[in-house]
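Structural characterization, general
Each chain is listed here by its residues.
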Amino acid sequence: MAILPILTVPHPLLLQKARPVREDEFGEALAKRLSDMAETMYAAPGVGLAAPQVGDLRRMLVMDATEEKEDDGRREQAKHLQLVVNPEIVERSRDKIRWEEGCLSVPEFWEFFERPRRVRVKYRDALGAHHDEWFEGFPAVVLQHEMDHLEGVVIIDKASRLKRSRYLKKVKKGVIGAESGAEDDEHEGASL
Ligand code: NI
């Protein structure tokens, strides 16, 4: 296991479209790569990580977005790691979910987005087995966010032009990441 460096904007690899994992790539080496990505995600900490975020331009991602509400309303993260290769959304609900998203590749940036509340996804696992599964609520948000990464889309690209250019200016000046964490306390969401 290894913790991999996470690329942040404006790294050019984050803007590239990832390619499908080939049949001859499924197996132990791919499983190892995905478990390194999972370790990286947990260490960050985050609830999802797509391969392009660690410079690997293949269509795969890891996520652990299961959430259970405690009796007192607190959220508890249950360990439910999913390794998702070559995902394809084949059905989406018409009703939407609105969620404030953050991203490990876009530190200190948060924005509300609306996405389909339920999506049916066909995907492979590390060894190539086929899966067909509905994701609903927060897990659906995380999955769709990570799939945007596979298209070379990060959340600043979906925000307003003003908010995007303000953020990139701050990155250029080196202001982002300077005061660690303080601002993030306002956001209860996890980075995707
Ligand atoms: Ni992200």
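Residues numbered from 1 in each chain as written. Predicted model: local features only at pLDDT ≥ 70, side-chain atom pairs only at ≥ 80, totals over all residues. Heavy atoms only, no water.

Observations concerning the side chain of Glu 25
Following the sequence through the fold, Glu 25 ends up in the segment before α1 (28–43). With a relative accessible area of 15%, Glu 25 lands in the buried category. One polar contact links Glu 25 to Arg 19, side chain to side chain, over a distance of 2.8 Å. Within polar-contact distance, the side chain of Glu 25 engages the side chain of Arg 58 at 3.3 Å. (Helix = DSSP H or I, 4+ residues; strand = E, 2+ residues; numbered from the N terminus. Buried < 20%, exposed > 50% of the residue type's maximum accessible area, 1.4 Å probe, protein only. Polar contact = N/O pair within 3.5 Å; in protein donor to acceptor, adjacent residues only side chain to side chain.)

Let's talk about the sheet that holds strand β8 (residues 118–124)
What holds strands together in a sheet is hydrogen bonding between their backbones, with the strands either parallel or antiparallel. Read across the open sheet, the five strands follow the order β1-β2-β5-β8-β9; overall the sheet is antiparallel. Across the chains shown, the open sheet's two edge strands, defined by having one partner strand only, are β1 (48–50) and β9 (130–136). Sheet twist, expressed as the mean angle between neighbouring strand axes with direction ignored, is 40°. As judged from the seven bridges shared by β8 and β9, these two strands associate in the antiparallel manner. Bridge assignment links Tyr 123 to a residue of β9, and that residue is His 131. The strands that α1 touches are β1, β2 (60–63) and β5 (82–92); relative to β2, the one it contacts most, it runs at about 45°. Sheet strands in contact with helix α2 (residues 138–150) are β1, β2, β5, β8 and β9, and its direction is about 150° off that of β2. (Pairing = 2+ DSSP bridges. Axes fitted to C-alpha atoms, helices over the stretch in contact; angles between N-to-C directions. Contact = heavy atoms within 4.5 Å.)

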